[in-house]
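# What the coordinates show
One-letter residues, chain by chain:
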Amino acid sequence: MDNKIKLHDKFFKPFISYAEMEEAIDRLADRVNADFRDSDDVPIFLCVLNGAIMFTAAMMKRLNFKAELVSIKLSSYQGTASTGTVLIPIGLTAPVEGRRVIIFEDIVDTGNTIVALKEMLLSKGAREVRICTMLLKPDVYKKDERLDYVGKEIPNAFIVGYGLDYDELGRNLPDIYVLDEPKDKHMKYYILFGPPGAGKGTQATAMVEKYNLHHISTGALLRKEIAAGTELGLKAKSLIEAGSLVPDEVVEGMIESEFKTVTGVDGFLLDGFPRTIAQAEALDAILERNGEKVTSIVSIMIPDGMIIERISKRAAIEGRADDADVSVIKNRIDTYHNQTEPLIDYYKKAGTYNEIDGVGTIEEVRDRIFGLVDKF
Ligand code: AP5
Ligand code: MG
């Protein structure tokens, strides 16, 4: 891949190579082919112009069942920030009534556009609508709608290439590039602190979007390793399911690798890390090596009784193994009091500790957090 490039007023640096993207698209096309192999209807491939042109072409070369190509143009972006509104300057180029539709989209972030498009197609009589996106930003995706096919997950960064643009430039680059932030700019490092079930994960979603942060939940990263059946996952499984902590070095390594690989954001939101004094010291050391420091702790506090109530409710929705048994939840609470709570004093001494009341509706707690973080 080439080195840095300039589009309009901004610099971009290499992010995902063409070869890596093609491999991801190979795997994606295999899944779509498998799902549509035996169908006797002729589905519609719906290309969302202009961003998905390259992706649609790449998929069409690989998909081997009968289909028709239709296009639509929507616009929800101006410059580098999502406007959140969906405009439809050019309508559908063919009717969709009674048809199965596979939408080809270049990138899904908040999901506002794609979900509105799916609803519009269904309201126009489409029999079934599936969403196939080349890229997904899971940190900012906030819809319940299931995405049927995802090529690659990326952090919340601004990218160009492989069809994606910055004010219409960059679409023809085969490789994908990410916005290169000026080197003298310091990153923000927020720690979302609190007992199990305090609402860290819930509030993280709103925070990453508002402050352009990358969300790192060590718990979620560990659950991904478990689901993938990796060696690390196998080691972590029994500890997590007992409500104990995994070894410090494991999570420290995960954090450092995220700091190194994620770009194009204004900072990081650490959720569930650090959880021991040793982890807090390791974090300070990692940041110091890079001339950075912890910006602020946002500590969400709720009483122990409410923890069990909230987590028991979530158990039925998310099916997390460590939520299933009240004795495990109680052990997580004990682990929190014994090993994690001492961090409050650690960060009070550092002058970075801030506490907010976690009791109230999700929106009330969110507004308290925004009121605090707006000051930094
Ligand atoms: P982790 O995944 O971090 O779990 P946790 O700390 O126990 O926290 P939870 O994810 O359960 O709660 P949350 O605060 O995110 O609450 P949520 O927003 O979901 O860690 C899991 C395990 O991994 C650990 O036990 C450990 O083994 C291991 N691990 C992770 N990090 C580690 C580390 N650094 N070192 C060593 N080991 C590590 O909210 C909970 C529920 O309440 C949801 O259903 C939500 O919808 C609801 N809710 C949220 N806010 C409200 C509100 N205001 N009102 C009503 N309901 C609400
Ligand atoms: Mg969580």
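The sections below set out a description of the structure shown in this document.

The rules we used
- Residue positions within a chain follow its written sequence, with the count starting from 1.
- Each chain takes a letter, starting from A, and each ligand takes a number, starting from 1, following the order in which they are written.
- For this predicted model, a pLDDT threshold of at least 70 governs which residues receive local features, and a threshold of 80 or more governs which side-chain atom pairs are given and counted, while totals over whole chains, interfaces and linings are taken from all residues.
- Side-chain numbers here rest on the full set of heavy atoms in the structure, without hydrogens or water.
- Secondary structure is summarised from DSSP: a helix means a run of H or I of at least four residues, a strand means a run of E of at least two, and numbering begins at the N terminus for each.
- As defined in this context, the radius of gyration uses C-alpha atoms, and a globule is described by 2.2 Å times the residue total to the power 0.38.
- Exposure is judged per residue with a 1.4 Å probe applied to protein chains only, and the accessible area is read against the type maximum: over 50% gives exposed, under 20% gives buried, and values in between give partly exposed.
- Contact definition: two residues touch when any of their heavy atoms are within 4.5 Å.
- For the purpose of counting charges, residues Lys and Arg are taken to be positive, whereas Asp and Glu are taken to be negative. His and the chain ends are not included.
- By convention, charge coordinates are those of NZ in Lys, CZ in Arg, CG in Asp, or CD in Glu.
- Strands are labelled as partners when DSSP assigns at least two bridges between them.
- Clockwise travel from the first strand over the helix to the second, with the strands pointing away from the viewer, marks a crossover as right-handed.
- In what follows, salt bridge is the name for a side-chain nitrogen of Lys or Arg lying within 4 Å of a carboxyl oxygen of Asp or Glu.
- A helix is expected to reach a length of 1.5 Å times the quantity of its residues less one.
- Angles shown run from 0 to 180 degrees and are taken between the N-to-C directions of axes, each axis being a line fitted to C-alpha atoms and, for helices, limited to the stretch in contact.
- Small angles under 35 degrees read as roughly parallel and large ones over 145 as roughly antiparallel, with 65 to 115 read as roughly perpendicular and the rest as oblique.
- In a left-handed crossing the near helix is turned counterclockwise from the far helix by less than a right angle, and in a right-handed crossing that turn is clockwise.
- Throughout, the ten residues Ala, Val, Leu, Ile, Met, Phe, Trp, Tyr, Cys and Pro are labelled nonpolar, Asp, Glu, Lys and Arg are labelled charged, and all others, Gly among them, are labelled polar.
- Proximity is defined per residue: if any heavy atom of the residue lies within 4 Å of a molecule or strand, that residue is considered near it.
- Whenever a nitrogen or oxygen atom comes within 3.5 Å of another N or O atom, the pair is scored as a polar contact, on the condition that within protein one atom can donate a hydrogen and the other can accept it, and that pairs from neighbouring residues in sequence are kept only if both atoms are in side chains.
- In these tables, accessible area is a Shrake-Rupley quantity obtained with a 1.4 Å probe, and a residue counts as shielded only by the protein chains included in the view.

Moving on, we get to the overall build of the chain. Helices and strands together make up the secondary structure of the chain, namely 12 helices and 15 strands. Radius of gyration (C-alpha) of the chain: 22 Å, near the 21 Å computed for a compact globule of 376 residues. Dimensions of the chain, computed from the C-alpha atoms along their principal axes, are close to 65 × 45 × 40 Å. In the chain, which comprises 376 residues, the proportion classed as buried is 49%. Nonlocal contacts in the chain, meaning residues at least 24 apart in sequence, comprise 72% of its contacts between residues at least 6 apart. The centroid of the 47 positive side-chain charges in the chain is displaced by 2 Å from the centroid of its 60 negative side-chain charges.

With that out of the way, let us pick up the pairing of strand 6 (residues 100-108). Of all nine residues in strand 6, nine are buried, a share of seventy percent or more. Sheet topology note: the strand 6/strand 7 (residues 128-136) ladder contains eight bridges and is parallel. Bridge pairing in strand 7 places Arg100 opposite Glu128. Assessed by its sense of winding, the connection that carries the chain from strand 6 through helix 3 (residues 112-123) to strand 7 is right-handed.

For the structure shown, the criterion picks out 27 salt bridges. For Asp35, the salt bridge is made with Arg130, and the minimal N-O distance between the two is 3.6 Å. Taken as a pair, Asp35 in helix 1 (residues 18-36) and Arg130 in strand 7 lie far apart in primary sequence, 95 residues in all. Residue Arg130 is classed as buried on the basis of its relative accessible area, which comes to 17%.

Strand order in this open sheet of four strands is 1-2-10-9, and the pairing throughout is antiparallel. Strand pairing shows two members of the sheet lacking a second neighbour, strand 1 (5-7) and strand 9 (159-160), which therefore form its edges. Judged from the three bridges that link them, strand 1 and strand 2 (residues 10-16) form a sheet pairing that is antiparallel. Note that in strand 2 the partner of Lys6 across the bridge is Phe11.

Another aspect to go through is helix 1. In an α-helix, one turn spans 3.6 residues; hence positions three or four apart end up facing the same way. An ideal rise of 1.5 Å per residue puts 27 Å on 19 residues; helix 1 measures up with 26 Å between its terminal C-alpha atoms. Residues of helix 1 that are buried make contact with strand 2, helix 2 (53-62), strand 6, strand 7, strand 8 (149-153) and strand 10 (176-179).

Contact geometry of helix 4 (residues 200-211) with helix 12 (residues 362-373) gives a least axis separation of 10 Å together with a crossing angle of 45 degrees. On the basis of their axis angle, the class for helix 4 and helix 12 is oblique. The chirality of how helix 4 crosses helix 12 is right-handed. Where helix 4 abuts helix 12, its residues Thr202, Gln203, Ala206, Met207, Lys210 and Tyr211 lie against Ile362, Val365, Arg366, Ile369, Phe370 and Val373. When its residues are assigned to classes, the contact of helix 4 with helix 12 shows eight nonpolar, two polar and two charged.

Spatial ordering of the open sheet is given by 12-13-11-14-15, a layout of five strands whose pairing is parallel. The open sheet terminates on both sides in strands that have one partner only, identified here as strand 12 (213-217) and strand 15 (353-357). Each strand axis lies, on average, 20 degrees off the axis of its neighbour in the sheet, ignoring direction. Both strand 11 (residues 188-193) and strand 13 (residues 267-271) contribute to a ladder of five bridges, which runs parallel.

Around ligand 1 lies a shell of 30 residues, among which Thr202, Thr218, Ser244, Arg275 and Arg314 are the nearest. Between ligand 1 and the protein, one listed contact pairs an oxygen atom with a backbone N or O atom of Ser244 at 2.5 Å. Note that a nitrogen atom of ligand 1 is positioned 2.9 Å from one of the side-chain N or O atoms of Gln279. Alone, ligand 1 offers 1000 Å² of accessible surface; in the complex the protein occludes 88% of this. Where the shell around ligand 1 is concerned, the elements lending two or more residues are helix 4, helix 5 (218-228), helix 9 (304-318) and helix 12. The element best represented in the shell around ligand 1 is helix 5, accounting for four residues.

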